[in-house]
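# Working through the structure, step by step
Here is how the chains run, residue by residue.
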Amino acid sequence: QQQVKQSPQSLIVQKGGISIINCAYENTAFDYFPWYQQFPGKGPALLIAIRPDVSEKKEGRFTISFNKSAKQFSLHIMDSQPGDSATYFCAASIASNTGKLIFGQGTTLQVKP
Amino acid sequence: DVKVTQSSRYLVKRTGEKVFLECVQDMDHENMFWYRQDPGLGLRLIYFSYDVKMKEKGDIPEGYSVSREKKERFSLILESASTNQTSMYLCASSLWARANYGYTFGSGTRLTVV
């Protein structure tokens, strides 16, 4: 029940296309859903996050869509660029608790020029 | 710029050795975490600490221990290194009960046990 399942494991997108990464969770107590971006040789960095009281959050080309009833959330990268090539992790936590994040398995995105 | 610094970028150790991985943060964060990253498995929590001298087991604590004697420093200890502990180890910190501020990660230590 603590798991966060992420798909696909890898993704190849042409420059200018839309990249979509999906995550699903079971624990309905989760109330904070961030996405992290990791470039080779670096630690993950917070990209965008959403709370379950909204269905969508957009920051630039990055959008989180959240479906509370289906217990799913997804990251959409519009107009994907080669510089977006990285590994992406979804995560979930109970923010009022210790802040412990449960991470998905990760998606390696390659954007071809 | 705030930072989480991991002492070693690459380490090669022999089976059975006691290994220390060090992590220091300069943000006065209460929470500190140790994760290991393996392909296809994502980030798995080993241990975390929400205060000095306090620690809690994560999802995969077996074979590991931790030490937090000062707020800014969190050490991961492999009591007797084994080849299945070959992995990327990531340290992170966050404000107490404020996951919505996000984690700040170090750049990782790639440990190879031979």
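Check the entry above for the structure.
If you're wondering where the values come from, they're calculated on a predicted model, not measured in any experiment. (Residues numbered from 1 in each chain as written. Chains lettered and ligands numbered in written order. Predicted model: local features only at pLDDT ≥ 70, side-chain atom pairs only at ≥ 80, totals over all residues. Heavy atoms only, no water.)

## Concerning the overall build of chain A
Helices and strands together make up the secondary structure of chain A, namely zero helices and eleven strands. Each helix and strand of chain A, placed in order from N terminus to C terminus, yields the pattern β-β-β-β-β-β-β-β-β-β-β. Scaling as 2.2 N^0.38, a compact globule of 113 residues should have a C-alpha radius of gyration of about 13 Å, and chain A matches this with 13 Å. The principal-axis extent of the C-alpha atoms belonging to chain A is close to 40 × 30 × 20 Å. (Helix = DSSP H or I, 4+ residues; strand = E, 2+ residues; numbered from the N terminus. Rg over C-alpha atoms; globule rule 2.2 N^0.38 Å.)

## Comments concerning the side chain of Gln-85 of chain B
Following the sequence through the fold, Gln-85 of chain B ends up in the loop between strand E8 (73–78) and strand E9 (87–94). When residues no more than four places from it in sequence are discounted, the contact partners of Gln-85 of chain B are Arg-36, Glu-62, Gly-63, Tyr-64, Leu-78, Ser-80, Leu-111 and Val-113 of chain B. (Contact = heavy atoms within 4.5 Å.)

## A closer look at the pairing of strand E7 (residues 64–70) of chain B
Residues and elements named next belong to chain B. Sheet topology note: the E7/E8 ladder contains five bridges and is antiparallel. Bridged to Ser-67 within E8 is Ser-75. Adjacent in sequence and paired antiparallel, E7 and E8 are bridged by two residues. (Pairing = 2+ DSSP bridges.)

## Description of the packing of aromatic side chains
Scanning all chains against the criterion turns up 21 aromatic pairs over all chains. Both rings, one in Phe-33 of chain B and one in Tyr-35 of chain B, keep their centres 6.4 Å apart while their planes meet at 35°; by these two values the pair is tilted. Classification of Phe-33 of chain B as buried rests on a relative accessible area of 0%. Three or more aromatic residues link up through ring pairs in this structure, and these residues are Tyr-36, Phe-89 and Phe-103 of chain A together with Phe-33, Tyr-35, Phe-48, Tyr-103 and Phe-105 of chain B. (Phe/Tyr/Trp six-rings, centres within 6.5 Å; stacked < 30°, edge-to-face > 60°. Buried < 20%, exposed > 50% of the residue type's maximum accessible area, 1.4 Å probe, protein only.)

## A few points about the pattern of salt bridges
For the coordinates displayed, the defined rule picks out nine salt bridges over all chains. The partner of Asp-84 of chain A in a salt bridge is Arg-61 of chain A, and the shortest N-O contact between them spans 2.8 Å. Within this pair, whereas Asp-84 of chain A is found in the loop between strand E8 (72–77) and strand E9 (86–92), its partner Arg-61 of chain A is found in the loop between strand E6 (56–59) and strand E7 (62–67), the two being separated by 23 residues in sequence. Residue Asp-84 of chain A is classed as buried on the basis of its relative accessible area of 5%. Glu-79 of chain B is the partner of Lys-18 of chain B in a salt bridge, and the nearest nitrogen-oxygen pair spans 3.7 Å. Highlighted residues: Lys-18 of chain B in the loop between strand E2 (10–13) and strand E3 (19–25) and Glu-79 of chain B in the loop between E8 and E9, separated in sequence by 61 residues. Exposure remark for Lys-18 of chain B: the relative accessible area of 47% places this residue in the partly exposed category. Salt bridges linked by common partners bring Arg-36, Asp-38 and Arg-44 of chain B together as one network. (Salt bridge = Lys/Arg side-chain N within 4 Å of Asp/Glu carboxyl O.)

Purely geometric numbers; function is a separate question.
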